[in-house]
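# Survey of secondary and tertiary structure
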Amino acid sequence: MLRSKILASGMYVPPNVYTNNDIAKMMDTSDEWIRQRTGIEQRHWVDETTATSDLALKASEVALKNAGIDKKEIDMVILATLSPDAEFPGTACFLQARLGLPGVPALDVRQQCSGFLYAMSIADQFIRTGTYKKILIAGAEVQSKGLDRTPKGREVSVLFGDGAGAIIMGATDVTDAKKDSHVLSTHIHADGTYADELWAPLPGTKNPKYRITAEDVQAGKHWPKMNGKTVFVNAVKRMPEALMAAFELNKVKIEDVDLFLFHQANLRINDMIAKQFNIPDHKVFNTIQKFANTTAATIPIGMDEAVRAGKLKKGMLVASAAFGSGFTWASALYRW
Ligand code: ACO
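Residues numbered from 1 in each chain as written. Predicted model: local features only at pLDDT ≥ 70, side-chain atom pairs only at ≥ 80, totals over all residues. Heavy atoms only, no water.

Counting secondary structure elements, the chain contains 11 helices and 13 strands. At 19 Å, the chain has a C-alpha radius of gyration in line with the 20 Å of a compact globule built from 336 residues. Principal-axis analysis of the C-alpha atoms places the extent of the chain at approximately 60 × 50 × 35 Å. In the chain, buried positions account for 54% of the 336 residues. (Helix = DSSP H or I, 4+ residues; strand = E, 2+ residues; numbered from the N terminus. Rg over C-alpha atoms; globule rule 2.2 N^0.38 Å. Buried < 20%, exposed > 50% of the residue type's maximum accessible area, 1.4 Å probe, protein only.)

Listed below in structure tokens is the structure:
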């Protein structure tokens, strides 16, 4: 049975760490507020010279090294991000050029916090159909350059961090589904009627004459806007739905899953989902405390951190779920 599997992961975060106390010096917030409401303790933010593709390149190089393959074997590059290097072309093109893979297709996925699972789903389809054998997927974000670091930005800016994670997905012949590494299924969804509950409206062609003007910037119209409560309520509904779809399709019981790697938007969201499914604490791997919400980079960073922490081992059954702007949500069930 031809399936896709994850060959290896890699990650990279920029060296500069900003604790909640550092953030409290910029805006009217506190370590206590951020920790209690979100679980976040610190985040990594880039310096002025670093772009999203720089982070993606570093994570991709680690993933290639860990997979032990030559980069020339890569048939496709997919990059999930909401913080592109430029308006166009897609950031996957910058990454592909930096990797030195001319001619290889390069695709951007713009599904925000669900972007990495959307990318896994796309790669899975290309591999299952026999079109490609090896696909590099990176999730990378430079959030910090898109955050209002003044007191006006505190509702959103405390939540996000910069970083990148990458995986190599490859074709595999599955003979024993209970043992062999492979992706069992992916499930992707969206409901665009909620688009303006969490979005960055500008620059964009919804704007009357130009995609953005100096006045727009002065009025702060380019900063992300979020209705946190609506996001929270929908996240705790949609992520379990996407997980249930995976369990039902594959006839898997919750207790069969060895590790849950959820998107990291808020520790309380993940705690509520774990409680809903009666998942013991040791089976949920959270990284939000160290990295905050790194959007599309979150799940591959979680994979790589879990591997290096000895929590994610070959043969383990893993369930991932994500929810984010769009609204979009997704799940993936895979044997590592
Ligand atoms: N520091 C201190 N006080 C703050 C801060 C801050 N950083 N931000 C807001 N407050 C204040 C508010 O002004 C409010 O004050 P008031 O009671 O005097 O009016 C109070 O704290 C409570 O604010 P709430 O918005 O009610 O806080 P809530 O408990 O809802 O927590 C949070 C806010 C953490 C954002 C939560 O709603 C949440 O996590 N939502 C989901 C976020 C998420 O999942 N995002 C999706 C991913 S992002 C993506 O896809 C790109």
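Next up on the list: the site of the ligand. Contacts to the ligand come from 24 residues, most closely from Thr-29, Arg-37, Cys-113, Lys-229 and Asn-266. Contacts to the ligand include Arg-37, whose side-chain N or O atom sits 2.7 Å from an oxygen atom. When the ligand is considered free in solution it has 1000 Å² of accessible area, and contact with the protein chains removes 75% of it. Sorting elements by how many residues they give to the shell around the ligand places helix 8 (residues 228–250) first, with four residues. Looking at the shell around the ligand residue by residue, the class counts come to 11 nonpolar, seven polar and six charged. Of the residues that make up the shell around the ligand, three or more belong to each of domain 1 (2–173) and domain 2 (182–335). (Near = heavy atom within 4 Å. Polar contact = N/O pair within 3.5 Å; in protein donor to acceptor, adjacent residues only side chain to side chain. Areas by Shrake-Rupley, 256 points an atom, 1.4 Å probe, with all protein chains shown as cover. Nonpolar A, V, L, I, M, F, W, Y, C, P; charged D, E, K, R; others polar. Domains from an automatic or database assignment.)

Closest axis-to-axis distance for the helix 5 (residues 115–128)/helix 11 (residues 298–308) pair is 7 Å, and the angle between their directions is 80 degrees. On the basis of the axis angle, helix 5 is roughly perpendicular to helix 11. Facing Phe-116, Leu-117 and Met-120 of helix 5, the residues of helix 11 in contact are Ile-299, Pro-300 and Met-303. Residues of the contact of helix 5 with helix 11, tallied by class, amount to six nonpolar, no polar and no charged. (Axes fitted to C-alpha atoms, helices over the stretch in contact; angles between N-to-C directions. Parallel < 35°, antiparallel > 145°, perpendicular 65-115°, else oblique. Contact = heavy atoms within 4.5 Å.)

Right, let's get into the domain arrangement of the chain. Taken as a whole, the chain is organised into domain 1 (2–173) and domain 2 (182–335). Here the C-alpha centre of domain 2 lies 13 Å away from the C-alpha centre of domain 1. The interface of domain 1 with domain 2 comprises 54 residues on the first partner and 48 residues on the second. Contact with domain 2 buries area across many residues of domain 1, yet Met-11, Cys-113 and Leu-117 alone supply 17% of it, more than any other trio. Counting across the interface, domain 1 meets domain 2 through one salt bridge. The partner of Glu-87 in a salt bridge is Arg-211, with the nearest N and O atoms 3.1 Å apart. Taken together, the connections running from domain 1 to domain 2 amount to 21 residue pairs in polar contact (both at pLDDT 80 or more). Broken down by secondary-structure element, the contributors of at least two residues to the side of domain 1 that touches domain 2 are strand 1 (2–12), helix 2 (31–38), strand 3 (42–44), helix 5, strand 6 (134–141), helix 6 (154–157) and strand 7 (163–173). At eight residues, the largest contribution of residues to the side of domain 1 that touches domain 2 is made by helix 5. Broken down by class, the residue content of the side of domain 1 that touches domain 2 amounts to 20 nonpolar, 22 polar and 12 charged. (Buried area = accessible area lost by both parts, 1.4 Å probe. Salt bridge = Lys/Arg side-chain N within 4 Å of Asp/Glu carboxyl O.)

Moving on: the packing of aromatic side chains. Applying the stated criterion to the full structure yields seven aromatic pairs. Where Phe-126 meets Tyr-132, the ring centres are 5.1 Å apart and the plane angle is 45 degrees; that geometry is what we call tilted. Owing to a relative accessible area of 27%, Phe-126 belongs among the partly exposed residues under this scheme. On the accessibility criterion, Tyr-132 (21% relative accessible area) is partly exposed. The structure contains a cluster of three or more aromatic residues connected by ring pairs, namely Tyr-194, Phe-323, Phe-327 and Trp-329. Sitting over the ring of Tyr-12, Lys-58 keeps its end group 5.1 Å from the ring centre. (Phe/Tyr/Trp six-rings, centres within 6.5 Å; stacked < 30°, edge-to-face > 60°. Lys NZ or Arg CZ within 6 Å of the ring centre and 35° of its normal.)

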